[in-house]
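Residue strings, one per chain:
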Amino acid sequence: MDLATWSLLLLLGFIWGGSFFFGRVAVQHVPPMTLVLVRVALAALALHLAFARLPGFYQTLVSRWRELLVMGLINNAIPFTLIFVGQTEIGSGLASILNATTPLWAVLVAQVFTTDEKITAAKLIGCALGLAGMVMLIGPAALGIADSPLWAKLAVVGAAISYGFAASFGKRFKGISPRVTATGQLTASTLIMLPMAFIVDRPWTLPVPPPDVIAAILALSLVSTAFAYVVFFRILSVAGATSASLVTLLVPPAAILLGILFLGETLSLTETLGLGLIALGLLSLDNRLGIKRGG
């Protein structure tokens, strides 16, 4: 990846780092399926308003509706629901580190279903270093792993697996504007979630959330979803599935760095070492350490 792509990856890490916080706040007041519906519907509406006048915009959406429907299912509807279900019981830190297994699943899926992104020593070492850094950075005690139910953790891991499939499936949108892909998949996931939320949650019977929760939902929808997916599909189109999935390794440290910048928090030595491992993992996955390719 070049410097511009790395910059986009870092930006996306910060944006999606905030999504776990916003999700944790919102899911305490709004049921998971309804929260997913509101998230994708508001994001889709924002993108339609922003890009509707682009030449050929709706013609492309209509011509690729089948692929966009699948992408909306495996990249939005399934993982968003599983993450929010998990976050009813676990915190944003644990959810983000479990979500950070996405590059591992992306590598395995790419090995089976693609011909141009096979497993290499660099990728395996990079994933291992990155996950080790996540564990060191967050720490078992801070995560409260012992107190978290197994099903909640498995739900978030299931979301990471779904993202792994989405990373490889999304390669078929190469050459299509990221704006079109983002809008199409969010529109498709809105159509998927609409009957699910209505049947399961009956959202019209729910109380109106407090103002801080509404603000969290708006940030989750417009910043961490609408804008974020335009950036994500740009990275995917120029750098490939495995490189795009690296963003999940940046999400937890992004939350910590935001705390340092805006809340006056500091990093401990253990946390600094964890960030170092993550950096080595990213460099290995991008083959900047000179590890011989093979496999």
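To be clear, the structure that these remarks concern was listed above.
Okay, so let's go over this structure. (Residues numbered from 1 in each chain as written. Predicted model: local features only at pLDDT ≥ 70, side-chain atom pairs only at ≥ 80, totals over all residues. Heavy atoms only, no water.)

1. Examining a nonpolar patch on the surface
Here comes step 1: Residues V208, I214, L218, L222 and V223 make up a contiguous nonpolar surface patch of about 430 Å² in total accessible area.
Here comes step 2: Relative to the helices and strands, V208 resides in the loop between α10 (178-200) and α11 (211-239). (Patch = residues over 30% accessible without salt bridge, like charges linked within 9 Å, V, L, I, M, F, W, Y side chains within 5 Å. Areas by Shrake-Rupley, 256 points an atom, 1.4 Å probe, with all protein chains shown as cover. Salt bridge = Lys/Arg side-chain N within 4 Å of Asp/Glu carboxyl O. Helix = DSSP H or I, 4+ residues; strand = E, 2+ residues; numbered from the N terminus.)

2. So, the packing of aromatic side chains
The way to describe two aromatic rings as a pair is by their centre distance and the angle between their planes.
Here comes step 1: Inspection of every chain in the model, using the stated rule, returns 8 aromatic pairs.
Here comes step 2: Ring centres of W16 and F232 lie 5.7 Å apart, and the angle between their planes is 50 degrees; on these two criteria the pair is classed as tilted. One end of the pair, W16, is in helix α1 (residues 3-26); the other, F232, is in helix α11, with 216 residues separating them in the sequence.
Here comes step 3: On the accessibility criterion, W16 (13% relative accessible area) is buried.
Here comes step 4: On the basis of relative accessibility, which here comes to 6%, the residue F232 falls in the buried class. (Phe/Tyr/Trp six-rings, centres within 6.5 Å; stacked < 30°, edge-to-face > 60°. Buried < 20%, exposed > 50% of the residue type's maximum accessible area, 1.4 Å probe, protein only.)

3. Details of α10
Here comes step 1: In this model α10 runs 32 Å from its N-terminal to its C-terminal C-alpha over 23 residues, within 8% of the 33 Å that 1.5 Å per residue would give.
Here comes step 2: Residue M193 marks the point of greatest curvature in α10, where the axis turns by about 30 degrees; the proline P195 follows within four residues.
Here comes step 3: After α10 finishes, the residue R202 shows a positive phi value of roughly 50 degrees. (Expected span 1.5 Å × (residues − 1). Bend = angle between axes of the 7 residues up to and from the residue.)

4. Considerations on the pattern of salt bridges
Proximity of charged atoms lets side chains of opposite charge pair with each other.
Here comes step 1: Following the criterion strictly, the structure yields 1 salt bridge and no others.
Here comes step 2: The salt bridge involving R64 is made with E67; its shortest N-O contact spans 3.2 Å.
Here comes step 3: A relative accessible area of 22% places E67 in the partly exposed class.

Remember, this is a structural readout, not a statement about activity or role.
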